[in-house]
Amino acid sequence: MASLGGEALTVTHVEKKKKPPARYWEDPPQQAGNGDNNRGTDGEQAGRQTEQQTPKAKKRKENEDRGDGNKFLSGKADRFPGPAPIPEDRLQKFKRKEKMKKPRRQHYKLKDMIARSEENSEMSQIQAARLDLLLPEDAGFLEGDEGEDTCTISQEDIAESVDITSKTKYFDLKLSQFGPYRVDYSQTGRQVLLGGRRGHIACIDWQSKQLTCEINVMESVNDVKWLHSEAMYAVAQKKWLHIYDSNGIELHCIRKFNDVLRMQFLPYHFLLATASATSFLQYLDVSVGKEVAAICTKTGRLDVMCQNPQNAVIHLGHANGTVTLWTPNQKEALVKMLCHHGAVRSVAVDKTGTYMVTSGMDKKLKVFDIRTFKPLKSYFLPAGASCLSLSQRGLLSAATGDIVQVYRDVWSTPVTKPYMAHRVQKTVWGTHFCPFEDVLGVGHGDGFTSMLIPGAGEPNIDGLDANPFRSAKQRQEWEVKALLEKVQPELISLNPTELGMVDRAASEIKHQDRVKALGFDPLAKVKFVPKYKKKGRSSSGNIEKRKRQVGHEDQRDDIRKTAEDRVKIEKERRQKEKKEAVLSSQKSALDRFRK
Amino acid sequence: QCNAGKLISSSSTHGLCSAFPFPFSHQMKVKVLSRNPDDYVRETKLDIQRVPRNYDPTLHPFEVSREYTRALNATKLERVFAKPFLASLDGHRDGVNCMAKHTKSLSTLLSGSCDGQVKVWNLTKRECVRTLQAHEGFVRGMVVRSCGTSFFTVGDDKTIKHWKMEAPGYGEEEEPLNTILGKTVFTGLDHHQKDAVFATCGQQVDIWDERRSSPIRSFTWGVDSFSAVRFNPVETELLASCASDRSIVLYDMRESAPLKKVIMTMRSNTLCWNPMEAYYFTCSNEDYNLYTYDMRYLDQPVTVHMDHVSAVLDVDYSPTGKEFVSASFDKTIRIFPKDGGHSREVYHTKRMQHVICIKWSADNKYILSGSDEMNIRLWKANAAEKLGVLAPRERQATNYSQKLKEKFQHHPQIRRIAHHRHLPKSLYHQTKELRVMKEARRKKYVNVRKHSRPGSVPLLSEKEKHVVTVVK
């Protein structure tokens, strides 16, 4: 600044330069720029003035002024300045939570930390939304001609009109001997597990149609379920729960789990939840082989079960029309909802954990919002629905007898017609949407049918989670990682994000916790024990006397205070009276007219 | 039912859409997911695996609980890998009384012992490269010149000696470049950051020019002796010293009189300036605490650092200025965050006796401690840190787990594991005893307040308790 001082001095001392008269053909912005120059700091002024002296610089400056600063060397302006805009719905998709409230007082450090973390989360949200635009695959769809219902399009037609690979995904397995079949696809959707009622178990790599293993357990089979990988599966047999590996070798027979009717596997907790005919809900930790919890639900036979994939809460349907929600941490149901007049036949929860679809013996299909536990939609199906299943993109499959119907958007719009329908040979026994594929597996009395349902599966896979194309090495690595971050069963609750929030427990609860931790109450008044004194001064009478001195200490304080207050009030009252007396003693001339 | 053959199909493979207009009236459009495995599987075995990502939150449930589990695992692993002790340098024949970092070379350390011997160590090889008998009696202080070519020592024999950093050649005798005989015993020494000026303390604080044999300036303030003197690393003309009359005195080298002093309840042993925020300094006190002061407001410390159970003998800041390390008479080393009241780490070994001097290495990775039982110990500054060069993925993983630990640090389970330290039995009991004593004192003070006239006994905070007065 010191060097510029001289120049500034000349500017201020020399008389103001005369402006040339304004011409209409000259650009007004440049003039504005000149005007700014005079107001600017001396440094700027000096710079600009030297710039104005050379004609080239002047021209360049004109260019600068015109293009709002966004231009290339060629002089052309960028027609789409700034970062590319991101659609609002994409941003919304990756939004984790609302912005935090600023602390009221001057917590500078805290404010700084909050601001920084919010900046980071916003950046990650924007980046994720940007990346979302670049995802390679689009979801499938099916559109009929004008006036044509998509439910009238047969599977054969769809299979005819799609590519060869997809065509092979529509197939029928005729297994009439050991039927009806339960179906379960593995986490990645590569393998399908079929469990025949009469003991037939088969694992099939359904895309290449290769049979991985096939056994007959010579016992009735109630349910089959894949465990965390394709290497192991659980079979609920007539008496016990058995675990087999992919070669069909029995690994375990778990006698603690008897009469199991339905099973659910919680993949992030490595828990196998089983519902039994003896009304027990049991949890088996498959990573260590321990029973985590056994809950007697006291509601009779449990043959309707599903899990909420967002918070790992188990939903059970009962014969009295209620649906109850369970976690391994609580012996009582978290929630009991009366959903139907009549028994509940089937329950399903969608991927986002927002909606629950139930069907009952009252032939109704109902949709509930399980954040608020309120009914959203209720449909009447003349034949009633069983075997509900929801796909990753929210398609609902319902079986009525031997017809499988698929509905779309059951929770947002009132649905009158199914999206797709298909008739199988015998009564449907189990349905399951294949993850990451547009395929619905239907197990029925006459075997297994794999249907094409366009738009059912999530188009874009995540390679670090469930990757259908993973190699053996990748699977091993994934298994180790998944086991390392196995979520403990204690963390299952209705709101899974609760762990990341501040625990604002009431001070009373906090105090209780503290008492429990310490083993004594730190705030409790200490009982006064008089000191032992010699020379006969600790006679019982003396001790009592000393105790009395201390005994009512705090009471004495209160009494003293109230006494002081009383004196004060009395004083005020007296003063007031005195004032009034003074006022009343002044007689005016008009008082004589008073009666 | 629609008729087969009367369809227009727009089937898609690999995300490509192709529509063929057929001349039929009946039309339907269908697309089914059909992935080309070539897009998802690596081409050859030499390639790395393809990992497509989809960050949709609904595909990744339980993200908080999973992060929590990761944080818990990271915390546990940190405790598993916490092996801070690296090496012990032995060779001194008496307790190590002072140490000095080399200003230019990371791997060089100088140490002076109670028998007057000075040793120069090569830390990478962990061996002594040079030994010289510098003084008779204790080596009291030692400092390396800012250029790194020579160093100064002061000893109990009232001399200041200036030595060359290089060892003498074959046949040459080990002799100092310069020896100054002082009038009294010197107890501490520090060198100016740039200039050829150094300061000693003893009966008074002297400022010396390297070329002269008498001090260019002497500061005294009452009759007292000083135990340490330190130049400010940023405001290079400022000095601070600890005096035996329980005070810390600040000086400006350019002025003839000291600036100001703060008198505390107990004596401070040494002090160290924060190298990044050089208006803060931390002093190690005899009352088991360390105090961080703001040079501008001496009337109460910014932070009181408590955890030691005996007098604190030395303190040194990390070069980042975020943390400092303290050595104590209770045979432990503790690392404190600069603004934290309690230590984040405690180091001890069975054989380490009273730790007399401590240094934090200039690369922020190591801590060096010199103790009574003649050894110098090399510690990691971050107990669980892996030494050596990290692969990029490794570094990323450690950064990630560090962030997770930070995020969940207040959860009770994680806090319990992260804060747990094994202490020797005696130390553990002493800590407990001190806690009881402190509580008793607090109770008594509360009772005194309760039974005296309101306002006559003020409620003192921990910071206010230890400062007697500030004199200007």
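- Naming follows an unreviewed UniProt entry, where chain B appears as DDB1- and CUL4-associated factor 13 of Cyclopterus lumpus.
- Under the UniProt heading Pathway (unreviewed entry), the entry covering chain B gives this text: "Protein modification; protein ubiquitination."
- The record in UniProt for chain B states the following under Sequence similarities (unreviewed entry): "Belongs to the WD repeat DCAF13/WDSOF1 family."

### Structural notes on the pattern of salt bridges
Opposite charge on two side chains permits them to pair, given that their charged atoms come into close proximity.
Then comes step 1: By the definition in use, this model includes 50 salt bridges over all chains.
Then comes step 2: Among the ionic pairs, A:D402 bridges to A:R423, the shortest N-O distance being 3.3 Å. Of the two residues, A:D402 is situated in the loop between β24 (396–400) and β25 (403–407) and A:R423 in strand β26 (residues 420–423); the sequence distance between them amounts to 21 residues.
Then comes step 3: We note a salt bridge from B:R140 to B:D156, for which the minimum N-O separation is 2.8 Å.

### Section: the state of the cysteines
Then comes step 1: This model, assessed by the stated rule, comprises 0 disulfides over all chains.
Then comes step 2: Its sulfur unpaired, A:C253 is 17 Å from the next cysteine sulfur, which belongs to A:C213.
Then comes step 3: Free of any disulfide, B:C98 has its nearest cysteine sulfur in B:C357, 6.6 Å distant.

### What about the sheet that holds strand β32 (residues 467–471) of chain B?
Residue and element names in this part refer to chain B.
Then comes step 1: With respect to topology, 5 strands assemble into an open sheet ordered β17-β18-β19-β20-β32, the strand pairing being antiparallel. Pairing within the sheet leaves two strands with one partner each, and these edge strands are β17 (226–231) and β32. Strand-to-strand twist across the sheet, computed as the mean angle between neighbouring axes with direction ignored, equals 15°.

### Describing the UniProt feature "repeat: WD" (unreviewed entry) in chain B
Residue and element names in this part refer to chain B.
Then comes step 1: Under the local residue numbering, the UniProt record ascribes the feature "repeat: WD" (unreviewed entry) to residues 89–131, 305–336 and 348–389.
Then comes step 2: Segment residues 305–336 splits into 0% helix and 56% strand. End C-alpha atoms: 7 Å apart.
Then comes step 3: Along residues 348–389, the helical share is 0% and the strand share 43%, with 27 Å between the first and last C-alpha atoms.

### With respect to the confidence of the model for chain A
Then comes step 1: Per-residue confidence for chain A averages 86 on the pLDDT scale, and 89% of its residues sit at or above 70.
Then comes step 2: Confidence drops under pLDDT 50 across residues 30–53 of chain A; counting only partners more than four residues distant or on other chains, this segment forms 22 contacts.

### A short note on helix α10 (residues 507–518) of chain A
Then comes step 1: The end-to-end C-alpha distance of α10(A) is 16 Å, a good match for the 16 Å that 12 residues give at a rise of 1.5 Å each.
Then comes step 2: Within two residues after α10(A), A:G519 carries a phi angle of roughly 90°, on the positive side.

### Overview of a positive patch on the surface
All names here are of chain A.
Then comes step 1: The grouping of K101, R104, R105 and R504 at the surface amounts to a positive patch.
Then comes step 2: Mapping R105 onto the fold places it in the loop between α5 (88–93) and α6 (108–133).
Then comes step 3: When its relative accessible area of 63% is taken as the criterion, R105 is described as exposed.

### Digging into the interface of chain B and chain A
Then comes step 1: Contact with chain B, which involves 47 residues of that partner, is made by 64 residues of chain A.
Then comes step 2: Note on chain B versus chain A: buried area summed over both sides is about 5,200 Å², and carbon and sulfur give 56% of it.
Then comes step 3: Considering only the surface of chain B that becomes buried against chain A, B:L33, B:R35 and B:F62 emerge as the three largest contributors, covering 15% of it.
Then comes step 4: Applying the counting criterion to the chain B and chain A interface returns 6 salt bridges.
Then comes step 5: Residue A:E437 pairs with B:R35 through a salt bridge whose shortest N-O separation is 3.9 Å.
Then comes step 6: Here chain B and chain A share 24 residue pairs in polar contact (both at pLDDT 80 or more) between them.
Then comes step 7: Contributing elements (two or more residues each) for the side of chain B that touches chain A: β1 (12–13), β3 (29–31) and α1 (63–81) of chain B.
Then comes step 8: Considering each element in turn, the side of chain B that touches chain A owes the most residues, 8 residues, to α1(B).
Then comes step 9: Considering only residue class, the side of chain B that touches chain A consists of 19 nonpolar, 18 polar and 10 charged.

### Observations regarding the packing of aromatic side chains
Then comes step 1: The full count for this structure, using the stated rule, is 19 aromatic pairs over all chains.
Then comes step 2: Between A:F171 and A:F448 the ring centres are 6.0 Å apart and the planes differ by 55°, which places this aromatic pair in the tilted class. Here A:F171 is found in strand β2 (residues 171–174), whereas its partner A:F448 is found in strand β29 (residues 447–452), with 277 residues between them in sequence. Each of the two residues, A:F171 as well as A:F448, counts as buried.
Then comes step 3: One aromatic cluster in this structure is built from B:F152, B:F186, B:F198 and B:W208.
Then comes step 4: The ring of A:W240 carries the charged tip of A:K239 above its face, separated from the ring centre by 5.6 Å.
Then comes step 5: Above the face of the B:Y279 ring, B:R296 is positioned so that its terminal group lies 4.4 Å from the ring centre.

### What about the pairing of strand β7 (residues 221–226) of chain A?
Residues and elements named next belong to chain A.
Then comes step 1: Along β7, 6 of the 6 residues are buried, which leaves the element largely enclosed by surrounding structure.
Then comes step 2: Two strands pair when backbone bridges link them, and β7 and strand β8 (residues 232–237) are joined in this way by 5 bridges, in the antiparallel orientation. Across the sheet, residue V221 finds its bridge partner in β8, namely Q237.
Then comes step 3: Joining the antiparallel neighbours β7 and β8 is a turn of 5 residues.

### Quick word on the UniProt feature "domain: Sof1-like protein" (unreviewed entry) in chain B
Then comes step 1: Those residues carrying the UniProt feature "domain: Sof1-like protein" (unreviewed entry) are residues 381–467 of chain B in this numbering.
Then comes step 2: Helix and strand shares over residues 381–467 of chain B are 62% and 1% respectively, and the end C-alpha atoms of the span are 31 Å apart.

### Comments concerning the sheet that holds strand β15 (residues 304–307) of chain A
All names here are of chain A.
Then comes step 1: The sheet built from 4 strands is open, its strands ordered β15-β16-β17-β18 with antiparallel pairing. Two strands close off the open sheet at either side, each with one partner strand: β15 and β18 (335–338). Geometrically, the sheet is characterised by an average inter-axis angle of 20° between neighbouring strands, direction not taken into account.
Then comes step 2: Sheet topology places strand β17 (residues 322–326) next to β18; 4 bridges connect them, and they run antiparallel. Paired with T322 across the strands is L338, a residue of β18.

### Regarding the nonpolar core
Residues and elements named next belong to chain A.
Then comes step 1: I158 and I453 are the most contacted members of the largest nonpolar core, which totals 36 residues.
Then comes step 2: Put simply, the parts of the chain that give this core at least two residues each are α7 (155–161), β3 (181–185), β4 (191–196), β25, β27 (428–433), β28 (439–444) and β29.
Then comes step 3: Residues within four places of I453 in sequence aside, it is in contact with Q155, L395, V406, Y419, M420, F433, D438, V439 and L440.
Then comes step 4: Formed by 19 residues, the second largest nonpolar core is a distinct cluster that contains L271, A275, I295 and V487.

### Looking at the confidence of the model for chain B
Detailed conclusions should not be drawn from predicted coordinates in areas where pLDDT is low.
Then comes step 1: Per-residue pLDDT for chain B averages 91, and the proportion of residues at 70 or more is 94%.
Then comes step 2: For this predicted complex, the interface score ipTM comes out at 0.81, alongside a pTM of 0.82.

### A few points about the packing of α1(B) against helix α2 (residues 392–407) of chain B
Residues and elements named next belong to chain B.
Then comes step 1: Contact geometry of α1 with α2 gives a least axis separation of 8 Å together with a crossing angle of 105°. Here α2 runs roughly perpendicular to α1, going by the angle between their axes. Note on element contacts: α2 touches α1 through Y400, S401, L404, K405 and K407, opposite E67, R70, A71, A74, T75 and E78.

What counts and how
- Residues numbered from 1 in each chain as written.
- Chains lettered and ligands numbered in written order.
- Predicted model: local features only at pLDDT ≥ 70, side-chain atom pairs only at ≥ 80, totals over all residues.
- Heavy atoms only, no water.
- UniProt positions renumbered as here; feature names shortened; annotations may be inferred.
- Salt bridge = Lys/Arg side-chain N within 4 Å of Asp/Glu carboxyl O.
- Helix = DSSP H or I, 4+ residues; strand = E, 2+ residues; numbered from the N terminus.
- Disulfide = S-S within 2.5 Å.
- Pairing = 2+ DSSP bridges.
- Axes fitted to C-alpha atoms, helices over the stretch in contact; angles between N-to-C directions.
- pLDDT = per-residue confidence, 0-100.
- Contact = heavy atoms within 4.5 Å.
- Expected span 1.5 Å × (residues − 1).
- Patch = residues over 30% accessible without salt bridge, like charges linked within 9 Å, V, L, I, M, F, W, Y side chains within 5 Å.
- Areas by Shrake-Rupley, 256 points an atom, 1.4 Å probe, with all protein chains shown as cover.
- Lys, Arg positive; Asp, Glu negative; His and termini not counted.
- Charge placed at Lys NZ, Arg CZ, Asp CG, Glu CD.
- Buried < 20%, exposed > 50% of the residue type's maximum accessible area, 1.4 Å probe, protein only.
- Buried area = accessible area lost by both parts, 1.4 Å probe.
- Polar contact = N/O pair within 3.5 Å; in protein donor to acceptor, adjacent residues only side chain to side chain.
- Nonpolar A, V, L, I, M, F, W, Y, C, P; charged D, E, K, R; others polar.
- Phe/Tyr/Trp six-rings, centres within 6.5 Å; stacked < 30°, edge-to-face > 60°.
- Lys NZ or Arg CZ within 6 Å of the ring centre and 35° of its normal.
- Core = buried A, V, L, I, M, F, W, Y, C linked by side-chain atoms within 4.5 Å.
- Parallel < 35°, antiparallel > 145°, perpendicular 65-115°, else oblique.

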